There are 2 protein chains.
Amino acid sequence: MTEFELIALLTRGLATNNTVVTGPGDDCAVLDLGIPDRWLLLKTDAVVEGIHFQAEVAPERVGHKALGRCLSDIAAMAGTPTAAVITLALPRGFDLAFAQGLYTGINALASRHNVAIVGGETTTNPERILVSVALIGWVTRGQAALRSGARAGDAIFVTGELGGSISGQHLDFSPRLEEARWLAAQFPIHSMLDLSDGLAGDLRHILTASGVGAELLTTAIPISRAARLAAKAGASAKPPLAAALTDGEDFELLFTVPSAVAVSLLDAWKARFPDVRLSCIGKITARPGLILRDRRGERPLTDHGYTHFA
Amino acid sequence: MTEFELIALLTRGLATNNTVVTGPGDDCAVLDLGIPDRWLLLKTDAVVEGIHFQAEVAPERVGHKALGRCLSDIAAMAGTPTAAVITLALPRGFDLAFAQGLYTGINALASRHNVAIVGGETTTNPERILVSVALIGWVTRGQAALRSGARAGDAIFVTGELGGSISGQHLDFSPRLEEARWLAAQFPIHSMLDLSDGLAGDLRHILTASGVGAELLTTAIPISRAARLAAKAGASAKPPLAAALTDGEDFELLFTVPSAVAVSLLDAWKARFPDVRLSCIGKITARPGLILRDRRGERPLTDHGYTHFA
């Protein structure tokens, strides 16, 4: 059973109430709590030693990643983060310097985005460190960027460069908060998410939620230097394109807009964010499925991308 | 180092912003997000297999406890819970029926209190199950029941019966949400919290936060049947009074009110909640420290109660 199948099973028949705008299945939950002009966003995410980070990683980077993952999900809704609580599960006899370093990393990233750390708890997890972050934020009422709004003919965009995140980017990425809010303020974003499971798998989430398909142009997919380097590691290494399609934890934005605005969006982006690459990688189709197109023709992409339970 | 010393160390110099009304150190964080007439409450809490529940416990009860602990903290602020997200960390090859049973328990309790379960995530914790819940709620603006408002002369009250929770109550308790809101609506609650670390330790949290002391009348402390039974288990068993003072996870309300309203509060309580015991157990003093008074006189109580890192 994959993580997604498990989630689908567990989220059937969940308790609900009339504050819920968008429940499980998008990057954040969206709630109407009576804030004039705003909806509330709620997200939780955890990192586990040996799974999401190795024991020898500097604790400041672990803290950065733990909070950054949640911030990236707020970005994916075009939202603004407000406050977080931290659950720190530690083995007995844990290294105090590690716990302090972790909070140093959390605080540094929180301060950069004006997020308050307002509490949390410490508990015992005997075998390994686990850090769970719960984050609230907000988005202008009616303007949350969901996964379900992609339409046939939309252009598909992705920020940054993809693949090979495991070599370091997964610990040091910058959540695309400013970029996402700018996009939503300037252009009609039909759908958006942040890449955590790999381009192929995450694009499928948009396609499924929106009831559409997509064609990707392989030559347009931005491949990271880390993915190219990793491909040279040996005969069994993943080719760069496969890495860009299936490696997890890029934490870049994937979004769709009407194709009519694609060129003006690219121009405006280059002027506003000259240091962040933006690529138009394909289009949304009425025909279901995910197609890769290159000079030799087209082929269906069946790879579901990285899943945490694989 | 105790859990409390660790938390004090880690919560120094946390990132903050102008939404924070009450940060770390109370039962919930209190935030002003611009909801007219209301403040937002935010809380997170985790239960870990082998620490907070044993592997053989029915998963429905584990789910009940995981959400119930957070609900009890919302109650301690006299708040109303709204929505929760669940982080479920599972070993590989976990029992699917356990995960489903856990959600059954969570959903049943959530439905009873009109709480929406709006998302969460599953991740891997190889050695044991960990369930982390993040919960938001609200309280009438300006009326959050904090730990810091106790005043000399206040009467100290506690709901229910204390001690011996480990025999079952810690899995099956009813969060005192309705009771707490009724109290705050009817009476001037100077301070309140929910008992999670034991009466002696938790009362100290109120005393420290409020800069006061307290005298408890030992004969007035309500001792549970479970604590009395446990005391008969053998020569090394904890005496019932010690159990009521120091056993953790009672999840009852501890609060203080001006002594002038103590009698009318008791009368009104009996009429409104005839099935829930309410006991006046002592008074707040200007003199610092915690004193136990019985027929033989008074003695200082130095026991800090159960701490999770003990």
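Bear in mind that the values here come from a model prediction, so they are computed numbers and not experimental data. (Residues numbered from 1 in each chain as written. Chains lettered and ligands numbered in written order. Predicted model: local features only at pLDDT ≥ 70, side-chain atom pairs only at ≥ 80, totals over all residues.)

Colleague: I would appreciate a short explanation of the interface of chain A and chain B in the present structure.
Modeller: Size of an interface: often given as the accessible area lost when the parts come together. Listed per partner, the contact involves 55 residues of chain A and 55 residues of chain B. Elements with a minimum of two residues in the side of chain A that touches chain B: helix 1 (3-10), strand 2 (29-31), strand 3 (38-48), strand 4 (80-90), helix 3 (96-112), strand 5 (116-124) and strand 6 (130-140) of chain A. By residue number, the principal contributor to the side of chain A that touches chain B is strand 5 of chain A, which donates 9 residues. Looking at side-chain class alone, the side of chain A that touches chain B contains 30 nonpolar, 21 polar and 4 charged residues. (Contact = placed C-beta atoms within 7 Å. Helix = DSSP H or I, 4+ residues; strand = E, 2+ residues; numbered from the N terminus. Nonpolar A, V, L, I, M, F, W, Y, C, P; charged D, E, K, R; others polar.)

Colleague: What is the right way to read the environment of Leu245 of chain B from this model?
Modeller: Within the secondary structure layout, Leu245 of chain B lies in helix 8 (residues 240-246). Sequence separation between Leu245 of chain B and Leu162 of chain B is 83 residues, and the spatial gap between their C-alpha atoms is 7.6 Å.

Colleague: What is the right way to look at the confidence of the model for chain A in this model?
Modeller: Residues shown with low pLDDT carry predicted positions that ought not to be read at fine detail. All names here are of chain A. Averaged over all residues, the pLDDT of chain A equals 94, while 97% of them reach at least 70. Contacts of residues 304-310 to residues separated by more than four positions or lying in other chains number 28 contacts, the stretch itself having pLDDT below 50. Reported for the predicted complex are a pTM of 0.94 and an ipTM of 0.93. (pLDDT = per-residue confidence, 0-100.)

Colleague: Mind showing me how you'd approach helix 2 (residues 59-76) of chain A here?
Modeller: In an α-helix, one turn spans 3.6 residues, which is why side chains three or four residues apart end up on the same side. Residue and element names in this part refer to chain A. When the terminal C-alpha atoms of helix 2 are compared, their 26 Å separation across 18 residues agrees well with the 26 Å that a helix rising 1.5 Å per residue should span. By the largest-angle criterion, Gly68 marks the main kink of helix 2, which is about 25°. Of all 18 residues in helix 2, 17 are buried, a share of seventy percent or more. Phi turns positive, to about 65°, at Ala78, one or two residues after helix 2. (Expected span 1.5 Å × (residues − 1). Bend = angle between axes of the 7 residues up to and from the residue. Buried ≥ 20, exposed ≤ 12 C-beta atoms within 10 Å, placed from the backbone.)

Colleague: Help me understand the domain arrangement of chain A, please; the structure alone is not making it clear to me.
Modeller: All names here are of chain A. As far as domains go, chain A holds domain 1 (3-140) and domain 2 (154-300). The straight-line distance from the C-alpha centre of domain 1 to that of domain 2 is 24 Å. The interface of domain 1 with domain 2 comprises 16 residues on the first partner and 17 residues on the second. It is helix 2 that contributes the most residues to the side of domain 1 that touches domain 2, 10 residues altogether. (Domains from an automatic or database assignment.)

Colleague: Whenever I open this one, the sheet that holds strand 6 (residues 130-140) of chain B confuses me. Can you help?
Modeller: Sheets are built from strands that pair by backbone hydrogen bonding, the pairs being arranged parallel or antiparallel. Residue and element names in this part refer to chain B. Overall, mixed pairing links the 6 strands, which are arranged 1-2-3-6-4-5 in an open sheet. Each edge of the sheet is formed by a strand with only one pairing partner; in this case those strands are strand 1 (20-22) and strand 5 (116-124). Neighbour-to-neighbour, the strand axes of the sheet open up by a mean angle of 25°, direction not taken into account. As judged from the 2 bridges shared by strand 1 and strand 2 (residues 29-31), these two strands associate in the antiparallel manner. (Pairing = 2+ DSSP bridges. Axes fitted to C-alpha atoms, helices over the stretch in contact; angles between N-to-C directions.)

Colleague: In this structure, what is going on with the sheet that holds strand 4 of chain A? I would like to understand it.
Modeller: All names here are of chain A. Judged by pairing direction, the sheet is mixed, and its 6 strands sit side by side in the order 1-2-3-6-4-5 without closing on themselves. Looking at strand neighbours, the two that pair on one side only are strand 1 (20-22) and strand 5, the edges of this open sheet. Neighbour-to-neighbour, the strand axes of this sheet turn through a mean angle of 25°, independent of strand direction. The pairing of strand 3 with strand 6 spans 11 bridges and is classified as antiparallel. In the sheet register, Thr44 faces strand 6, and the bridge partner there is Ala134. Running at roughly 145° to strand 3, helix 2 makes contact with strand 3, strand 4 and strand 6 of the sheet. Strand contacts of helix 3: strand 4, strand 5 and strand 6, with the helix running at about 170° to strand 4, the strand carrying the most contacts.

Colleague: In this structure, what is going on with the relation of the copies chain A and chain B? I would like to understand it.
Modeller: Put simply, the second copy of the chain is the first one after a rotation about an axis and a shift along it. For the pair chain A and chain B, the superposition axis carries a translation of 0.0 Å, the fit reaches an RMSD of 0.0 Å, and the rotation angle comes to 180°. Here the transformation between the copies is reduced to the relation of a two-fold axis. Identified as the residue of chain A closest to the rotation axis by C-alpha distance is Ile35 of chain A, at 2.2 Å. Most of the interface of chain A is mirrored in chain B, where 100% of its interface residues again form contacts. (Least-squares fit on C-alpha atoms with pLDDT ≥ 70 in both.)

Colleague: Honestly, the packing of helix 2 of chain A against helix 3 of chain A in this entry has me stumped. Any pointers?
Modeller: Each packed pair of helices is defined by two parameters, the angle between the axes and the distance between the axes. Residue and element names in this part refer to chain A. Where helix 2 contacts helix 3, the axes come no closer than 7 Å and their chain directions differ by 45°. With respect to each other, helix 2 and helix 3 are oriented oblique. Read as a crossing pair, helix 2 and helix 3 show a hand that is right-handed. For the pair helix 2 and helix 3, the contacting residues are Pro59, Glu60, Arg61, Val62, Gly63, His64, Ala66, Leu67 and Gly68 in the first and Phe98, Gly101, Leu102, Tyr103, Thr104, Gly105, Ile106, Leu109 and Ala110 in the second. (Parallel < 35°, antiparallel > 145°, perpendicular 65-115°, else oblique. Left-handed = near helix turned anticlockwise from the far one by under 90°.)

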